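Observations on the three-dimensional arrangement
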Amino acid sequence: MSSAVPFWRAAGMTYIGYSNMVASAVRKCLKEPYRSEALGREKVHFTISKWSDGKPEKPTLRTDSAEE
Amino acid sequence: MFRHASRFLIRAAAGDGRSHGRTSAIAVARAFSSDVPAAPSQDTAFIEAWKKVAPNIEPPKTPLEFMKPRPPTPSAIPSKLTVNFVLPYQSEISSKEVDMVIIPATTGQMGVLPGHVATIAELKPGLLSVHEGTEVTKYFVSSGFAFIHANSFADIVAIEAVPIDRIDPSLVQKGLTDFTQKLSSATTDLEKAEAQIGVDVHSALNAALSG
């Protein structure tokens, strides 16, 4: 008998993914101005550079903000 | 099960060497995190060698020396619980002495009093209330962990925690109906899980607002 896993892990989600999803849902239920401050915390902005054969490929830029 | 036996044997042997701190390298194979020494330890061999070479310069401090020693477990149950409640972007409560804290653990609402047995609890979305005298401060916690130590210190970490007066009831209702609808129309396991999460969080928010 396998150990009891939470439903989200059984569906393939990791704890951090689950936790971030819950936090995002909570942030969307706040009153203004707290809501905009909180959603600002979810923004990410980074570039990913993949390397192959010792040479960098073109970097991809990711800018995400919380979807409305 | 028995592959850990050798590790336990080494640890048992190291039990005698532990009081000497880090001087016996072989003995301290893997110390428990609860074995953090009560006083900051110094690597005496290093400091001696440093003083020989550079007697006028202060030896650099190792990370272990910067660590504040763990408060000792008192023999009598203390009268107050010291709470540290931190979020990734700020520390909500830092070393506040309170009477009781009720945390939303996955196993149900757990009341933590001074002298509580050492516990690690995973938190579910719910209400966290801090009771100090007659005043009660309530926060809605998204998820996280609570570490209760034997010396009546409680460290609570959460990703998002808001005082309940900052929650908008109409948005909660709307979210709940949206996710309930998504749950009934979900096809893949992942969609079902996401919708279930949404329903859980919003019902917890509802309960927190009305409770």
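Coordinates for the structure precede this section.
Residues numbered from 1 in each chain as written. Chains lettered and ligands numbered in written order. Predicted model: local features only at pLDDT ≥ 70, side-chain atom pairs only at ≥ 80, totals over all residues. Heavy atoms only, no water.

1. Examining the side chain of Ser143(B)
Note the threshold: Each helix is a run of DSSP H or I of at least 4 residues and each strand a run of E of at least 2, with the numbering of both proceeding from the N terminus. When a residue's accessible area, from a 1.4 Å probe over protein chains only, is under 20% of the maximum for its type it is buried; when over 50% it is exposed; and in between it is partly exposed. Here a polar contact is taken to be a pair of N or O atoms separated by no more than 3.5 Å, where protein atoms must pair a possible hydrogen donor with a possible acceptor and residues adjacent in sequence count only if both atoms sit in side chains.
Topologically, Ser143(B) is positioned in the loop between strand 7 (135-141) and strand 8 (144-148). Look at Ser143(B) and you get buried, because its relative accessible area is 0%. Here the side chain of Ser143(B) touches Ser19(A) through a polar contact of 2.7 Å, side chain to side chain.

2. Quick word on the interface of chain A and chain B
To be explicit about the condition: Contacts are residue-level and defined by heavy atoms, with any inter-residue pair within 4.5 Å sufficient. Once two parts are brought into contact, the accessible area they lose, counted with a 1.4 Å probe and summed over both, makes up the buried area. Any Lys or Arg side-chain nitrogen found within 4 Å of a carboxyl oxygen on Asp or Glu counts as a salt bridge. In the scheme used here, Gly and all other residues not listed as nonpolar or charged are polar, with Ala, Val, Leu, Ile, Met, Phe, Trp, Tyr, Cys and Pro taken as nonpolar and Asp, Glu, Lys and Arg as charged.
In this complex, chain A contributes 21 residues to the contact, which on the side of chain B involves 27 residues. Interface area, chain A with chain B, both sides summed: about 2,200 Å², of which 72% is carbon and sulfur. Our enumeration of links across chain A and chain B arrives at two salt bridges. The shortest N-O distance in the salt bridge between Arg27(A) and Glu160(B) comes to 2.4 Å. Counting the contacts that link chain A with chain B gives seven residue pairs in polar contact (both at pLDDT 80 or more). Listing elements by their share of the side of chain A that touches chain B, those giving two or more residues are helix 1 (7-10), helix 2 (15-27) and helix 3 (34-40) of chain A. Within the side of chain A that touches chain B, the residues separate by chemical class into 14 nonpolar, two polar and five charged.

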